[in-house]
Amino acid sequence: MTGAARPARRPAGSPLPWYREVTPARWKAFFAAWIGYVLDGFDFVLITLVLTEISAEFGLSTVQGASLVSGAFITRWLGGAVLGALGDRFGRKASMIASILLYSLGTFACGFAWDYTSLFVARLLIGMGMAGEYSASATYVLESWPSRVRGRASGFLISGFSVGSVLAAECYKWVVPALGWRWMFYIGLAPILIALWVRRALPEADEWTATVAARETKPNPFRPLFATPVRATVNTVLTVVATLALFGVFTPVGAGAIPVLAVLATLALCGLAVQLGGRRGWLLYLSLIVTVFVAFLYTWPIQALLPTYLKTELHYAPGEVTNVLFFAGFGTMAGCWLAGFVGDWIGAQKAYAVTLLASLVFVFPVFAARDSLLLLGVLLFVLQALSFGISGLLPRYIGGHFPTETRAASLGFTYNVGALGGAVAPVLGASLAEGRSLGSALALLTFAGTVLVVLLVGFDVPARLNRLLVPDAPRDHLAAESAVESGTESGTEPGAEGTGPGGRVRHQA
């Protein structure tokens, strides 16, 4: 071979392309987590697609139907906390498997529901499992990939939810007209075996393994809640109060007492958050919860009630609904990918603010487009890419506030308590629509929520508040060089033991 024919060597010290920094074993780990998000999106979005069919069969009002979407959010906070703590103590892999089994059981139960109450209870199971999937899979991938590309890891991972929603929309077009809405839930069980098979031989996340090895003990993020018998009793009561109060708020059971129940639930959840955050971290916990709550208020009105809007106000047929949802789903997926690259380029905080500001231009035009399916689809594609797609950075943004030993439980709790905004959003949207069109109600909620999130994230409110109590708090726990980078340089694969400068950071609490 002549010198001209030889492949050029990379100069010493030049960086590898980002996709080569991620080893084959880490790509496999990513795929295992990603397919869980695909199933997550498929199972969760099913209810929004068949909401009109279920409402017709069970004789439900618009608000009752919307509460079925909200049902999965009521238990998310509990599932996120418990399964997140399981991931911190026993490993991300164990939590991932437990989560997928839990929400799969809920999906199966939905297919056999005989009335509103039985379907609502099944939705509670789905919510718990979905919450655990979010925290376990997100921390697993973030702690397995190099710090330089963790924005991409976050965005690519969350895109799986959109893929699942698109697959669900395609199934809806063919299955419901021929077999009925129950078969949508039966089909949702099929891919579970694939997810379990892929995850059976996965190594544990690098940073969790290194942290546990260095500490020589397994983390227990719930220790502050059960430090004494008195605390254990009080916090058990708070958990029961929060769950029952939320159940009353989002079902007809609490009719006439919703304001009181909402206050009780808020106080109970804030009490748990303050204890988990501790003397130095409670303000961070509360501010992140508020930020996520508002983020769900702007994303979930469209996410939950778009199929209902298309069928009731625009009178689209099932096939046309599917086509529009394709545009929305692929827009969200493209937005998640874009968010990953932009987040690694300018930082998650700036990427959030800039992208959401751009999305405001498209909110009202989406609901003004009525006569052209293509125009509506294109506008939804862009809106979802810029608004919902940026949520692909949420795991990266939230996870960076917490150290490895408590990251899964902290991310799971703050994100999923904040996700109650997703329970409020469809009910609020349906309630507002009783005095105006559903389209205008969705547009107003989306626009107002987006502006609030721009302010909260753009001005870095959670981190600023946290520095009032902890002036020396690390700006980003996930940005530090960790065992992942060490593994890349040494040729080891995920699961290899080792420590890095970012492996052990004292918790703010």
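Residues numbered from 1 in each chain as written. Predicted model: local features only at pLDDT ≥ 70, side-chain atom pairs only at ≥ 80, totals over all residues. Heavy atoms only, no water.

Caption draft 1: Region of the structure containing the overall build of the protein. Within the protein one finds 23 helices and zero strands. For the protein, buried positions account for 58% of its 509 residues. Here the analysis covers contacts within the protein between residues at least 6 apart in sequence; of these, 82% occur between residues at least 24 apart. (Helix = DSSP H or I, 4+ residues; strand = E, 2+ residues; numbered from the N terminus. Buried < 20%, exposed > 50% of the residue type's maximum accessible area, 1.4 Å probe, protein only. Contact = heavy atoms within 4.5 Å.)

Caption draft 2: Examining the packing of aromatic side chains more closely. A full pass over the atoms with the stated rule returns 18 aromatic pairs. Between Trp 27 and Trp 145, the ring centres sit 5.0 Å apart and the planes meet at 75 degrees, which makes this aromatic pair edge-to-face. Separated by 118 residues along the polypeptide, Trp 27 in helix α2 (residues 24–49) and Trp 145 in the loop between α7 (116–142) and α8 (150–179) bring together distant segments of the chain. Relative accessible area serves as the criterion here: at 30%, Trp 27 is assigned to the partly exposed category. (Phe/Tyr/Trp six-rings, centres within 6.5 Å; stacked < 30°, edge-to-face > 60°.)

Caption draft 3: A look at the confidence of the model for the protein. Per-residue confidence for the protein gives a mean pLDDT of 79, with 85% of residues at or over 70. Of all the helices and strands in the protein, helix α23 (residues 483–490) carries the lowest mean pLDDT, 43, while helix α17 (residues 373–386) carries the highest, 91. Predicted confidence is poor over residues 1–12, with pLDDT under 50, and the contacts of this stretch with residues over four places away or in other chains come to five contacts. When the criterion is pLDDT under 50, residues 481–509 qualifies, and its contacts beyond four places in sequence or with other chains add up to 79 contacts. (pLDDT = per-residue confidence, 0-100.)

Caption draft 4: Quick look at the packing of helix α3 (residues 51–58) against helix α4 (residues 62–74). Between α3 and α4, the least distance of the axes is 10 Å, while the angle of their chain directions is 125 degrees. As summarised for this structure, α3 and α4 are arranged oblique, according to the angle between their axes. Crossing geometry of α3 relative to α4 is assigned as right-handed. Seen from α3, the contacting residues are Leu 51, Ile 54 and Ser 55; seen from α4, they are Gly 65, Ala 66, Leu 68 and Val 69. Partitioned by chemical class, the residues of the contact of α3 with α4 number five nonpolar, two polar and no charged. (Axes fitted to C-alpha atoms, helices over the stretch in contact; angles between N-to-C directions. Parallel < 35°, antiparallel > 145°, perpendicular 65-115°, else oblique. Left-handed = near helix turned anticlockwise from the far one by under 90°. Nonpolar A, V, L, I, M, F, W, Y, C, P; charged D, E, K, R; others polar.)

Caption draft 5: The arrangement of a nonpolar patch on the surface in detail. Taken together, Val 237, Val 241, Val 260 and Leu 264 make up a surface patch of nonpolar side chains, about 310 Å² in accessible area. When residues of the nonpolar patch are traced back to their parent elements, those giving at least two are α12 (229–249) and α13 (258–312). Looking at the element boundaries, Leu 264 is found in helix α13. (Patch = residues over 30% accessible without salt bridge, like charges linked within 9 Å, V, L, I, M, F, W, Y side chains within 5 Å. Areas by Shrake-Rupley, 256 points an atom, 1.4 Å probe, with all protein chains shown as cover. Salt bridge = Lys/Arg side-chain N within 4 Å of Asp/Glu carboxyl O.)

Caption draft 6: Just the pattern of salt bridges, in detail. One pass over the full model with this rule turns up six salt bridges. Ionic pairing is found between Asp 472 and Arg 280, a salt bridge with its closest N-O pair at 3.8 Å. Here Asp 472, found in the loop between α22 (461–469) and α23, pairs with Arg 280, found in helix α13; they are 192 residues apart in sequence, far enough to count as distant. Asp 472 sits in the exposed class, given a relative accessible area of 58%. A salt bridge links Glu 313 to Arg 370, with the nearest nitrogen and oxygen atoms 3.6 Å apart. Of this pair, Glu 313 sits in the loop between α13 and α14 (318–346) while Arg 370 is found in the loop between α16 (363–368) and α17, placing the two residues 57 residues apart along the sequence. A relative accessible area of 37% places Arg 370 in the partly exposed class.

Caption draft 7: Spatial organisation of the side chain of Thr 332. Mapped onto the secondary structure, Thr 332 falls in helix α14. According to the relative accessible area criterion, Thr 332 is buried, its value standing at 5%. Excluding residues within four positions of it along the chain, Thr 332 makes contact with Ser 162, Gln 384, Ala 385, Phe 388 and Gly 389.

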